[in-house]
Amino acid sequence: MPRKAANSKVGLLMSLGSSAIAVVRTVKQLRRARGTQGKLTAADTVAGLLPLATSALLVLRRLRGRSRRSSG
């Protein structure tokens, strides 16, 4: 059975890149919501930002673990 691409370094970097792009888009959306005084929209945007930040941190942890294993 072939290995999953998600565990490869390229797959992890692509995942991190897509998470970073999503975070940037969400921050822009949050700024727009704050400018229009939409509290509900701002709260929704913050709620959407939390899983994005969590997934980015998980990918970074996986990458850090891979670099420690390869250098150690």
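Here's what I pulled together on the structure shown here. Given the structure is predicted, the values throughout are model-derived calculations rather than measurements.

1. Some remarks on the overall build of the protein
Then step 1. In terms of helices and strands, the protein carries two helices and zero strands.
Then step 2. Here the protein holds 72 residues, and the buried ones make up 17% of them.
Then step 3. Once local pairs closer than 6 in sequence are excluded, the contacts in the protein between residues at least 24 apart make up 71%.
Then step 4. Of the accessible surface of the protein, which amounts to about 5,900 Å², a share of 62% is contributed by carbon and sulfur atoms.

2. Comments concerning the side chain of Thr26
Then step 1. Relative to the helices and strands, Thr26 resides in helix 1 (residues 9-35).
Then step 2. A polar contact is formed between the side chain of Thr26 and the backbone oxygen of Ala22, at a distance of 2.7 Å.

3. A short note on the side chain of Thr45
Then step 1. Positionally, Thr45 belongs in helix 2 (residues 39-71).
Then step 2. Each residue touching Thr45, except ones within four places of it in the same chain, is listed here: Thr26, Gln29 and Leu30.

4. Observations concerning a positive patch on the surface
Then step 1. Together, Lys28, Arg31, Arg32 and Arg34 make up a positively charged patch on the protein surface.
Then step 2. Owing to a relative accessible area of 59%, Arg34 belongs among the exposed residues under this scheme.

5. Considering helix 1
Then step 1. In this model helix 1 runs 39 Å from its N-terminal to its C-terminal C-alpha over 27 residues, within 8% of the 39 Å that 1.5 Å per residue would give.
Then step 2. Within helix 1, burial applies to Leu12, Leu16, Ser19, Thr26, Leu30 and Ala33.
Then step 3. Positive backbone phi, approximately 60 degrees, marks Gln37, located one or two places after helix 1.

6. Some thoughts on the nonpolar core
Then step 1. Counting five residues, the largest nonpolar core consists of Leu12, Leu16, Ala56, Val59 and Leu63.
Then step 2. Going through the elements one at a time, helix 1 and helix 2 are the ones with two or more residues in this core.
Then step 3. If one sorts the elements of this core by residue count, helix 2 sits on top with three residues.

7. Considering the environment of Gly17
Then step 1. By secondary structure assignment, the location of Gly17 is in helix 1.
Then step 2. Residue Gly17 is classed as partly exposed on the basis of its relative accessible area of 30%.
Then step 3. Between the alpha carbons of Gly17 and Val59 there is a distance of 10.0 Å; along the sequence they are 42 residues apart.

Parameters and conventions
- Residues numbered from 1 in each chain as written.
- Predicted model: local features only at pLDDT ≥ 70, side-chain atom pairs only at ≥ 80, totals over all residues.
- Heavy atoms only, no water.
- Helix = DSSP H or I, 4+ residues; strand = E, 2+ residues; numbered from the N terminus.
- Buried < 20%, exposed > 50% of the residue type's maximum accessible area, 1.4 Å probe, protein only.
- Contact = heavy atoms within 4.5 Å.
- Areas by Shrake-Rupley, 256 points an atom, 1.4 Å probe, with all protein chains shown as cover.
- Polar contact = N/O pair within 3.5 Å; in protein donor to acceptor, adjacent residues only side chain to side chain.
- Patch = residues over 30% accessible without salt bridge, like charges linked within 9 Å, V, L, I, M, F, W, Y side chains within 5 Å.
- Salt bridge = Lys/Arg side-chain N within 4 Å of Asp/Glu carboxyl O.
- Lys, Arg positive; Asp, Glu negative; His and termini not counted.
- Charge placed at Lys NZ, Arg CZ, Asp CG, Glu CD.
- Expected span 1.5 Å × (residues − 1).
- Core = buried A, V, L, I, M, F, W, Y, C linked by side-chain atoms within 4.5 Å.

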